[in-house]
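Architecture and fold: a report
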Amino acid sequence: MTQDEMKKRAAWAALEFVPRHSIVGVGTGSTVNHFIDALASIKEQIKGAVSSSIASTEKMQALGIAVFDLNDIDSFSVYVDGADEINPARHMIKGGGAALTREKIVAAVAEQFVCIVDASKEVAVLGKFPLPVEVIPMARNYVARELQKLGGRPVWREAVVTDNGNIILDVHDLHITDALTLEQQINQITGVVCNGLFAARAADVVLVGGPDGTRVIK
Ligand code: 5RP
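The name that an unreviewed UniProt entry assigns to the protein chain is Ribose-5-phosphate isomerase A, with the source organism given as Rheinheimera tilapiae. In its Function (unreviewed entry) section, the UniProt record describing the protein chain reads: "Catalyzes the reversible conversion of ribose-5-phosphate to ribulose 5-phosphate." According to the UniProt record, the Catalytic activity (unreviewed entry) comment for the protein chain reads "aldehydo-D-ribose 5-phosphate = D-ribulose 5-phosphate".

1. Observations regarding the UniProt feature "active site" (unreviewed entry) in the protein chain
The feature "active site" (unreviewed entry), as given by UniProt, occupies E103 in the numbering adopted here. Along the chain, E103 turns up in helix α4 (residues 100-109). Among the polar contacts listed, one links the side chain of E103 to the side chain of K94, at a separation of 3.1 Å.

2. Some points on the pattern of salt bridges
For the coordinates displayed, the defined rule picks out 9 salt bridges. For K149, the salt bridge is made with E146, and the minimal N-O distance between the two is 2.8 Å. Taken together, the residues span about one helical turn, with K149 and E146 both in helix α5 (residues 140-149) at a distance of 3 residues. Here R153 makes a salt bridge to D173, at a shortest N to O gap of 2.9 Å.

3. Re the nonpolar core
Residues V26, F35, L39, I65, I116 and L207 are the most contacted members of the largest nonpolar core, which totals 25 residues. If you list the elements that add at least two residues to this core, you get α1 (3-13), β1 (23-26), α2 (30-40), β4 (76-81), β7 (110-118) and β13 (205-210). Counting residues per element, this core draws most heavily on α2, which supplies 6 residues. With residues near it in sequence (within four places) discarded, I65 still touches I36, L39, A40, K43, I46, G48, A49 and M60.

4. Here's the deal with the packing of aromatic side chains
Applying the stated criterion to the full structure yields 2 aromatic pairs. Plain terms: the ring middles of Y79 and F113 are 5.1 Å apart, the flat faces sit at 90° to each other, and that makes the pair edge-to-face. Linking Y79 in strand β4 with F113 in strand β7, this pair joins segments that are 34 residues apart in sequence. When sorted by exposure, Y79 lands in the same class as F113, which is buried.

5. Here's the deal with the sheet that holds strand β12 (residues 197-198)
The 3 strands are arranged β5-β6-β12 in an open sheet whose pairing can be described as antiparallel. Of all the strands in the sheet, the pair left with one neighbour each is β5 (85-86) and β12. Alignment of strand β6 (residues 92-93) against β12, held across 2 bridges, turns out to be antiparallel. Looking at β12, one finds that I93 is bridged to L197.

6. Quick notes on a nonpolar patch on the surface
Side chains of I136, M138 and V193 sit close together on the surface and give an oily, nonpolar patch of about 310 Å² of accessible area. Counting through the fold element by element, I136 comes out in the loop between β8 (131-135) and α5.

7. Remarks on the side chain of N87
Note on placement: N87 falls in the loop between β5 and β6. Polar side-chain contacts of N87 include one of 2.9 Å to the backbone nitrogen of A89. Discounting chain neighbours no more than four positions away, the residues touching N87 are V123, A124 and L126.

8. Things to note about the sheet that holds strand β3 (residues 67-68)
With mixed pairing, the 7 strands of this open sheet are ordered in space as β3-β2-β1-β4-β7-β13-β14. Of all strands in the sheet, those bounded by a partner on one side alone are β3 and β14 (213-217). Set on the sheet, α2 makes contact with β1, β4 and β7; between it and β1 the angle comes to about 160°. Lying over the sheet, helix α3 (residues 54-62) contacts β1, β2 (48-51) and β3, oriented at roughly 160° with respect to β2.

Reading guide: rules and limits
- Residues numbered from 1 in each chain as written.
- Predicted model: local features only at pLDDT ≥ 70, side-chain atom pairs only at ≥ 80, totals over all residues.
- Heavy atoms only, no water.
- UniProt positions renumbered as here; feature names shortened; annotations may be inferred.
- Helix = DSSP H or I, 4+ residues; strand = E, 2+ residues; numbered from the N terminus.
- Polar contact = N/O pair within 3.5 Å; in protein donor to acceptor, adjacent residues only side chain to side chain.
- Salt bridge = Lys/Arg side-chain N within 4 Å of Asp/Glu carboxyl O.
- Core = buried A, V, L, I, M, F, W, Y, C linked by side-chain atoms within 4.5 Å.
- Buried < 20%, exposed > 50% of the residue type's maximum accessible area, 1.4 Å probe, protein only.
- Contact = heavy atoms within 4.5 Å.
- Phe/Tyr/Trp six-rings, centres within 6.5 Å; stacked < 30°, edge-to-face > 60°.
- Pairing = 2+ DSSP bridges.
- Patch = residues over 30% accessible without salt bridge, like charges linked within 9 Å, V, L, I, M, F, W, Y side chains within 5 Å.
- Areas by Shrake-Rupley, 256 points an atom, 1.4 Å probe, with all protein chains shown as cover.
- Axes fitted to C-alpha atoms, helices over the stretch in contact; angles between N-to-C directions.

In structure tokens form, the structure reads like this:
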């Protein structure tokens, strides 16, 4: 079974967590693209979605799913998104697709975060996947120097501008044993918009797609 087939398996399993007649929070990425296909199959049974990126918005609208402005929604039950790494505490590294800031905002409003991954995303310790940090462009070098002081090796993802008009630094060589503290420390650096550690807002449910089916971790 390919990695993409495992992603698809986890994504379709997430439909079970979508309350009917509700608004659904939708993340970004290749796993979420499978989830959007799944959501389209029940689009008559939901009110619509709030989206974490222009890419997800465009895909949902093309499939006839109504996309609402988050500012018009007070609360909703479920946010479904992928991850680049997830540890046993259900802390994640996200942002491989550069959508981390909007993902964190939509996840903050949701009552429940359902994370959909293939088995390769499960790790004991976060940090092998470079940690994405969204930065105001003029602060790029200052923030990079501060990230070095925290033990990382930041690399500018030069080809990318985020949906918010900012840049991404990918921080290599981290071995993250205290994700909650590091998430806060990076947020304290002036010029950082958001970092890809989702520890303060961890996943509530993880659906892991694998060759033998989908494992549910709560
Ligand atoms: C995008 C993300 C994605 O959830 C993460 O990169 C996983 O992507 P994929 O499902 O393509 O493996 O955080 O910013």
